[in-house]
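# Structure at a glance
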Amino acid sequence: MKEKSHDIQSLVAFCVGFAILIGDVNGGEYLIGVGSYDMTGPAAGVNMMGYANLDQNTAGIHFRLRARTFIVAEAESSQGARFAFVNLDAGMASQLVTIKVLERLKSRFGNLYTEENIAISGIHTHAGPGGYLQYLIYSITSLGFVQQSFDAIVTAIEQSIVQAHNSLKPGSIFINQGDVENAGINRSPSAYLLNPPEERAQYAANVDKEMTLLKFVDGASEKSIGAFSWYATHGTSMSKDNKLISGDNKGAAARFFEDWFTSSTKSSSSNVITNSSTSSNNGKSNGDAQKIKATGGSRCGKTTSQGSKVRKNDGSLFVGAFCQSNVGDVTPNVLGAFCTDSGKPCDFNHSSCHGNDMLCLGRGPGYPDEILSTKIIGERQFQKAVDLFKSASEKLSGKIDYRHVYVNFTDIEVELNGNKVKTCPAGLGPGFAAGTTDGPGVFGFQQGDTEINKLWKKLRDVLKKPSQYQEDCQKPKAILLSSGEMFEPYAWAPAILPIQMLRLGKLVVLSVPGEFTTMAGRRLREAVKETLIINGNGEFDNDTHIVIAGLTNTYSQYIATFEEYKHQRYEAASTLYGPHTLSAYIQEFNILAKSMAKGEKVAKGPSPPDLYSVQLSLSINPIGDLPPPNIKFGDIKQDITQPKSGSFEKGDRPSATFWSANPRYDLLTEGTYAVVEMLQGESWIPVYDDDDFCLYYKWKLDNTTWNSLATIEWEVPKDTSSGRIA
């Protein structure tokens, strides 16, 4: 079987290679391909990555998560320059995920896709399953490594890249830029104000509003096949109390964009079916669900689940991705932060209320409804993307190029104003424990703290007392956790980081393994652009587009400016490598920029460790294997409550609860746990599934039997055609 598999892969590679050789005949500037694959992961009992909240364990699905990929390649030969950019509906990229994806791709494609020309970037949702990063500090709340979560992400990345590779065809890429209004504000404005006034005066706002969008167009059919955009706002519209898997506002924007494109290119929407026999019900749906009996435990396999999907992934779907940028200090909770006890604005410098960080919370535009806030912020990004997509006219052309190096960020010497300074081993300050207005941390800490009380120092020292070198190096940060000096049972924090530059004509993407604050990102972009222009021999100019792709290839928390670092709010306290971290990034990226501009190679640098074999896991296996006596899987525990009028109005939220298995037994990848069907003639047709914003799949354990229950809730959309529901 293996030999046959390799033969098939060789044939695919030959076919793609042939397409490349004839690419110019069809007039394409590049070869382009897009792909998308389900990476939802375990929807029950797995801690979510982002808020570090021990109580925030998955308990259902708001909508599914995906890996979305575009590949662009030169059209001259089968081995021409190319790169792949992968956008994950995940909190961030993971070094271990990157390592294992590269191993799989090497077995498929040889050296065609490597660490140098693949970028894997996270959107920073805080509502996805955790346990997939290799450094200990990022898996403490998930009780260690979660194999199922890890495998779902790795497989989705691999399959999305394979799909994009196999769909490569001659085509064109257009770029457009414009401002997104009211989708993000600065959550640490007091720190931003510490940046030099003359620097701040260059910018109209204390956040970057600009979205950069790429539009991919098939050269033969002139049909758009995808769009990828970069814009900075946190994936924290969903709160730390949410337990439904969700792509948050960027995942929502992607779903809205892809559905908009599908509906706009067909005579009827892919998820609205009109039935003449039921279309005259005055906007109501007949409550016929009670007439349809439960399946009585009929087996549901992958093909059954996939057959019920509304959007079947056959490789032909439009792919719309909303990528992350310099997001460090940008929140989608645009109404501001307020005290939960008084309703008054929080303290400006510390984001606390009467000294209590736990009482200060940001409010999204749909407050107090976090799902509405997610929808609104997603729509604002989606609507701007549609505008840019429709009006995109600047066609990219020119060289494809890339540079990638590994750098030990714990010991970089930087020349600064005639002096030599150094970065430090990774360390976290007390402001890290305070959390943010998006998700407050631990009681007793405040953002801006530069002192640690004696009790916390004693507890810290039990784990690891920071060295004197570390304390001196990180000042004015006080060391709450010297993660870069902690190696038991394995490394707590990364030391060796990847940095990467991707070039597509006059577009340059800077792949950064962390969250740059607004001003930190601006400084990096300006420095790289200047270096490219100075050394580029006319290839680069002021029209060159520089984009930061945040949370890419691995994760190393935050990067604040030197001035912001002094304030030690959350972003600065989480800037791992000390006050000169940003200066080190600028120095190392300038080295890459100079080498790219001059066409020179760069040394690879020291490889990061592969810690797969030493990962620990204390997570509990799923329970609830069987339903209670005399009950079958699929039997109804709580049926839909019929409305008094006899019909459901649009906006109503009917729900039903079933005896179910734990969803961790089968992720139903590219399938669905829930479906709403409409009667069309004699057939029930799927119209909404668990990838829709209106349909909720919720899981819990029964309080008395400890068996699994699945609740399906459907918020009837306002544009739904009238009919019968099941």
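Residues numbered from 1 in each chain as written. Predicted model: local features only at pLDDT ≥ 70, side-chain atom pairs only at ≥ 80, totals over all residues. Heavy atoms only, no water.

## What to know about the state of the cysteines
What is meant by a disulfide is a covalent connection between two cysteines, made through their sulfur atoms. Basically, it comes down to this: Here, a disulfide means two cysteine sulfur atoms that sit within 2.5 Å of each other. In DSSP terms, a helix is any run of H or I states spanning at least four residues, a strand is any run of E spanning at least two, and both are numbered starting from the N terminus. With a 1.4 Å probe rolled over the protein chains alone, any residue whose accessible area is under 20% of its type maximum counts as buried; one over 50% counts as exposed, and the rest are partly exposed.
Enumeration over the complete set of coordinates arrives at three disulfides. Here Cys346 is linked by a disulfide to Cys360, with a sulfur-sulfur distance of 2.2 Å. Because the torsion about its S-S bond is 110°, the bridge between Cys346 and Cys360 counts as right-handed. Here Cys360 lies in strand E16 (residues 360-363) and Cys346 lies in the loop between strand E15 (336-339) and E16, a separation of 14 residues in the sequence. Paired by a disulfide, Cys424 and Cys473 hold their sulfur atoms 2.0 Å apart. Taking the sign of the S-S torsion, about -85° here, the bridge from Cys424 to Cys473 comes out left-handed. Placement of the pair is Cys424 in the loop between strand E20 (419-422) and helix H9 (430-434) and Cys473 in helix H11 (residues 468-474), with a sequence separation of 49 residues. The class for Cys473 is buried, based on a relative accessible area of 14%. The connectivity of the disulfide-linked cysteines in the protein chain, indexed sequentially, is 1-3, 2-4, 5-6.

## Re the packing of helix H6 (residues 248-264) against helix H8 (residues 370-391)
In plain terms, the rule: Axes here refer to lines fitted to C-alpha atoms; in helices the fit is confined to the stretch in contact. Angles between the N-to-C directions go from 0 to 180 degrees. Oblique is the label for any angle not under 35 degrees, not over 145, and not in the 65 to 115 range, which are roughly parallel, roughly antiparallel and roughly perpendicular in turn. Handedness of a crossing follows from how the near helix is turned relative to the far one, being left-handed for an anticlockwise turn of less than a right angle and right-handed for a clockwise one. Two residues form a contact once any of their heavy atoms are found within 4.5 Å. Amino acids are sorted into nonpolar (Ala, Val, Leu, Ile, Met, Phe, Trp, Tyr, Cys and Pro), charged (Asp, Glu, Lys and Arg) and polar (every other residue, Gly among them).
At a minimum axis separation of 7 Å, H6 and H8 run at an interaxial angle of 45°. Viewed along their axes, H6 and H8 adopt a mutual orientation that is oblique. Handedness of the H6/H8 crossing: right-handed. Here H6 contributes Asp248, Asn249, Lys250, Ala252, Ala253, Phe256, Phe257, Trp260 and Phe261 to the contact with H8, which in turn contributes Thr374, Lys375, Ile377, Gly378, Glu379, Gln381, Phe382, Ala385, Val386, Phe389 and Lys390. Class assignment for the residues of the contact of H6 with H8 results in eleven nonpolar, four polar and five charged.

## So, H8
Three- or four-residue spacings in an α-helix give side chains the same orientation, since the helix completes a turn every 3.6 residues. Operational definition: In a helix, the anticipated span is given by 1.5 Å times the number of residues less one. We define a polar contact as two N or O atoms separated by no more than 3.5 Å, with the added condition that, inside protein, one atom must be a possible hydrogen donor and the other a possible acceptor, whereas residues neighbouring each other in sequence contribute only through side-chain atom pairs.
In a regular helix each residue adds 1.5 Å, so 22 residues correspond to 32 Å; H8 covers 32 Å between its end C-alpha atoms and thus fits that length. All of the buried residues along H8 are Ile371, Ser373, Thr374, Ile376, Ile377, Gly378, Gln381, Phe382, Ala385, Val386, Leu388 and Phe389. Two to three positions downstream of the cap, the backbone nitrogen of Ile371 sits 3.0 Å from a side-chain oxygen, assigning the N-cap of H8 to Asp369.

## Section: the packing of helix H2 (residues 95-109) against helix H3 (residues 147-166)
Taken N-terminus to C-terminus, the directions of H2 and H3 make an angle of 40°; their axes are 10 Å apart at the nearest point. Viewed along their axes, H2 and H3 adopt a mutual orientation that is oblique. With respect to the hand of their crossing, H2 and H3 are arranged in right-handed fashion. Here H2 contributes Leu96, Val97, Lys100, Val101, Arg104, Leu105, Arg108 and Phe109 to the contact with H3, which in turn contributes Phe150, Ile153, Val154, Thr155, Ile157, Glu158, Gln159, Ile161, Val162 and His165. Residues that form the contact of H2 with H3 fall into these classes: eleven nonpolar, three polar and four charged.

## Observations concerning the UniProt feature "binding site: Zn(2+)" (unreviewed entry) in the protein chain
Heads up, the condition is: UniProt positions are given in the numbering used here, feature names are shortened, and annotations may be inferred rather than shown by experiment. In this analysis, the protein atoms alone were mapped onto a 1 Å grid. Cavities are point sets where a 1.4 Å probe fits without being able to get out; pockets are open sets with protein on both sides within 12 Å along at least five of seven lines; lining residues have an atom within 4 Å of a point.
UniProt annotation of "binding site: Zn(2+)" (unreviewed entry) refers to His124, His234, Glu515 and Tyr558 when read in the numbering used here. Spanning 435 residues, the named residues form one tight spatial group whose C-alpha atoms are at most 12.8 Å apart. Within the annotated group, the residues that form the lining of the second largest pocket are His124, His234, Glu515 and Tyr558. Secondary-structure assignment places His234 in the loop between strand E11 (224-230) and H6. Classification of His234 by relative accessible area gives buried; the value is 0%. Topologically, Tyr558 is positioned in strand E25 (residues 558-559).

## Focus on the pattern of salt bridges
Operational definition: Counted as salt bridges are all cases of a side-chain nitrogen of Lys or Arg within 4 Å of a carboxyl oxygen of Asp or Glu.
Tallying each qualifying case throughout the model produces 37 salt bridges. A salt bridge links Lys100 to Asp610; its shortest N-O distance comes to 3.0 Å. Placement of Lys100 in helix H2 and of Asp610 in the loop between helix H15 (581-598) and strand E26 (636-638) is noted, with a sequence separation of 510 residues between them. Residue Asp610 is classed as partly exposed on the basis of its relative accessible area, which comes to 34%. Between Asp472 and Lys475 there is a salt bridge whose closest N-O contact spans 3.6 Å.

## Regarding the packing of aromatic side chains
What counts is decided by this rule: Only Phe, Tyr and Trp rings take part, Trp by its six-membered ring, and two of them pair if their centres are within 6.5 Å. Stacked means planes under 30 degrees apart, edge-to-face means over 60, and tilted covers everything else.
Within the structure shown, the criterion is met by 32 aromatic pairs. With a centroid separation of 6.1 Å and an interplanar angle of 20°, the aromatic rings of Phe432 and Tyr570 are classed as stacked. Here the residue Phe432 occupies a position in helix H9, and Tyr570 occupies one in helix H14 (residues 570-573), the gap between them amounting to 138 residues. Given a relative accessible area of 27%, Phe432 falls into the partly exposed group. Each ring, one from Phe445 and one from Trp456, has its centre 4.9 Å from the other, and the planes form 55°; the classification is tilted. With Phe445 in the loop between H9 and helix H10 (454-463) and Trp456 in helix H10, the pair connects residues that are eleven residues apart, well separated along the chain. Of the residues examined, Phe445 reaches a relative accessible area of 4% and is grouped as buried.

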